[in-house]
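As a plain string of letters, each chain reads:
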Amino acid sequence: MIYTRWVLFLLLLTGIFTNDLLAESSAVIHLGSQFQAQDTETDYSNADSEDQKAGLENLSWTPQAFSVELEAAENSDADFLVRYPSPISSKHPENDRACLEWYAARDEAGQLLNRPAIVVVHESGRSMPVGRLFARTLNRRAYHTFLLHLPSYGKRSWGTKPTPEELLVLIRQAIMDVRRAYDAVKSIPIVNPNCIALQGTSLGGLVNATVAGVDCQYDAVFLMLAGGDFMSIIANGQKDAAKMRKELEKANIDPKILQPVIHQIEPNRFASGVQAEKVWLYSGKYDQVIPLENAISFAKAANLTPTHHILMPANHYSGIIYIPVIMQHIHEQMEAVMKSKSLPVLQ
């Protein structure tokens, strides 16, 4: 009886402390709030080859402390914009402040929750509709979701469309921004630092596929309509890939000349570094933008098992009808991660 009372007392005390800590953390969440973050150091000593080591170093920077700031999310249903400096600079200052749209996890009363987070990286569409769909829908599952604006998109636009030469350089910057996003999000007091995941679709999936191989500090990675062998995607892909070919033709750029540049960001180059047990790839059997053979190429290079490479009877665009199923699958994997770390799972 005495033992039972002590257990109840400790549970009550724990609940009081948890509520007090959450209230204290929530109190610092407001416009203008600033948090100090620190880049996570990555060990590249186990690189498979000198070529891979050189590639890893090219997508890295000297780890340092940096500031994270909350701004108003104007003309958006997001709670805040999270701004932090990109690890590298371009010739466009407005592009060099990375931006995350934060959809905060709340309870039924609208109070902020201490919950895991998912960083979402959008597709190539300028208005980012699929990225926002993932961010908003996963947020309804009580996750903090953060939609990263890729370089030249959204709040990072400098008013004109990037040139083909700039685009490939900006993808390198995107990879580095996604890597730093982990530490930026981790610095926010009401984000559970023990469970931060990464999701990306199409262009966002390609960026995240490289990130997963460069360093997998994220606790789970969900890639939709992505793959490897960028050169063959540019050469053979339809729709969006074909548009890129036309842009290159207009600029009188031979895609073959781009081989050294594309090699810098090629997912398959770094795929041996993927921690396959925490990466899931969702592919369309009839995808002509990122053909199935490119998805299989990355899956094999990353040693993904069949349960981690999910095939949909869809093309690059009709795959949207499977989003509810994918959302549920992502939620189930997130819960599995939380349980493995003894984190509370919402009922």
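Presented here is a report on the structure given in the accompanying data block. If you're wondering where the values come from, they're calculated on a predicted model, not measured in any experiment.

## Describing the overall build of the protein chain
Okay, step 1: On a plain count of helices and strands, the protein chain comes out with 11 helices and 10 strands.
Okay, step 2: Computed over the C-alpha atoms, the radius of gyration of the protein chain is 21 Å, within 12% of the 20 Å expected from 2.2 N^0.38 for a compact globule of 347 residues.
Okay, step 3: Residues classed as buried in the protein chain amount to 54% of the 347 residues present.
Okay, step 4: Distance between charge centres in the protein chain, computed from 31 positive and 37 negative side chains, equals 4 Å.

## Quick look at the packing of aromatic side chains
Okay, step 1: According to the stated counting rule, one finds 5 aromatic pairs in the structure shown.
Okay, step 2: Seen in terms of ring centroids, tyrosine 182 and tyrosine 218 are 5.3 Å apart; in terms of plane orientation they differ by 80°. Their pairing is edge-to-face. One end of the pair, tyrosine 182, is in helix α4 (residues 164-186); the other, tyrosine 218, is in the loop between α5 (203-214) and β8 (220-224), and 36 residues separate them in sequence.
Okay, step 3: Taking relative accessible area as the criterion, tyrosine 182 reaches 7% and is therefore assigned buried.
Okay, step 4: With centroids separated by 5.4 Å and ring planes inclined at 20°, the aromatic side chains of phenylalanine 222 and tryptophan 280 adopt a geometry described as stacked. A residue pair is termed long-range when its members are at least 10 positions apart, and phenylalanine 222 in strand β8 and tryptophan 280 in strand β9 (residues 279-284) qualify at 58 residues. Like tryptophan 280, phenylalanine 222 is buried.
Okay, step 5: One aromatic cluster is present, formed by Phe80, Trp102 and Phe146 through successive ring pairs.
Okay, step 6: Lying across the ring of tyrosine 153, arginine 126 places its NZ or CZ 3.8 Å from the centre.
Okay, step 7: The ring centre of phenylalanine 66 lies 4.2 Å from the NZ or CZ of arginine 180, which sits over that ring.

## Describing the pairing of β9
Okay, step 1: With 6 of its 6 residues buried, β9 lies for the most part within the structure.
Okay, step 2: Burial along β9 is two-sided: Val279, Leu281 and Ser283 and Trp280, Tyr282 and Gly284, pointing in opposite directions, are all buried.
Okay, step 3: Relative to strand β10 (residues 309-312), β9 runs parallel, the two sharing 4 bridges. For serine 283, the partnering residue across the bridge sits in β10 and is leucine 311.
Okay, step 4: As for the winding sense of the linkage, the β-α-β connection from β9 through helix α10 (residues 292-301) to β10 is right-handed.

## With respect to the sheet that holds strand β4 (residues 97-103)
Okay, step 1: Read from one edge of the open sheet, 10 strands run β1-β2-β3-β4-β6-β5-β7-β8-β9-β10, paired in mixed fashion. At either margin of the open sheet sits one strand with a lone partner, and together these are β1 (34-38) and β10. Shown here is a sheet whose adjacent strand axes are inclined to one another by a mean of 25°, direction ignored.
Okay, step 2: Sheet strands touched by helix α3 (residues 129-139): β4, β5 (115-121), β6 (144-149), β7 (191-201) and β8. Its angle to β6, the strand with the most contacts, is close to 165°.
Okay, step 3: Running over the sheet, α5 touches β5, β7, β8 and β9 and is turned about 130° from β7.

## Thoughts on the side chain of threonine 201
Okay, step 1: Secondary-structure assignment places threonine 201 in strand β7.
Okay, step 2: Only 3.0 Å separates the side chain of threonine 201 from the side chain of glutamine 199, close enough to count as a polar contact.
Okay, step 3: When neighbours within four sequence positions are excluded, threonine 201 is seen to be in contact with Val121, His122, Glu123, Val130, Phe134 and Met224.

## A few points about the pairing of β6
Okay, step 1: Counting buried positions along β6 gives 6 out of 6 residues, so the element sits mostly inside the fold.
Okay, step 2: The two faces of β6 match: His144, Phe146 and Leu148 on one face and Thr145, Leu147 and His149 on the other face are all buried.
Okay, step 3: Of the strand pairs in this sheet, β5 and β6 are connected by 5 bridges, and their pairing is parallel. Bridge pairing in β6 places valine 121 opposite leucine 148.

Conventions and cut-offs
- Residues numbered from 1 in each chain as written.
- Predicted model: local features only at pLDDT ≥ 70, side-chain atom pairs only at ≥ 80, totals over all residues.
- Heavy atoms only, no water.
- Helix = DSSP H or I, 4+ residues; strand = E, 2+ residues; numbered from the N terminus.
- Rg over C-alpha atoms; globule rule 2.2 N^0.38 Å.
- Buried < 20%, exposed > 50% of the residue type's maximum accessible area, 1.4 Å probe, protein only.
- Lys, Arg positive; Asp, Glu negative; His and termini not counted.
- Charge placed at Lys NZ, Arg CZ, Asp CG, Glu CD.
- Phe/Tyr/Trp six-rings, centres within 6.5 Å; stacked < 30°, edge-to-face > 60°.
- Lys NZ or Arg CZ within 6 Å of the ring centre and 35° of its normal.
- Pairing = 2+ DSSP bridges.
- Right-handed = clockwise from strand over helix to strand, strands pointing away.
- Axes fitted to C-alpha atoms, helices over the stretch in contact; angles between N-to-C directions.
- Contact = heavy atoms within 4.5 Å.
- Polar contact = N/O pair within 3.5 Å; in protein donor to acceptor, adjacent residues only side chain to side chain.

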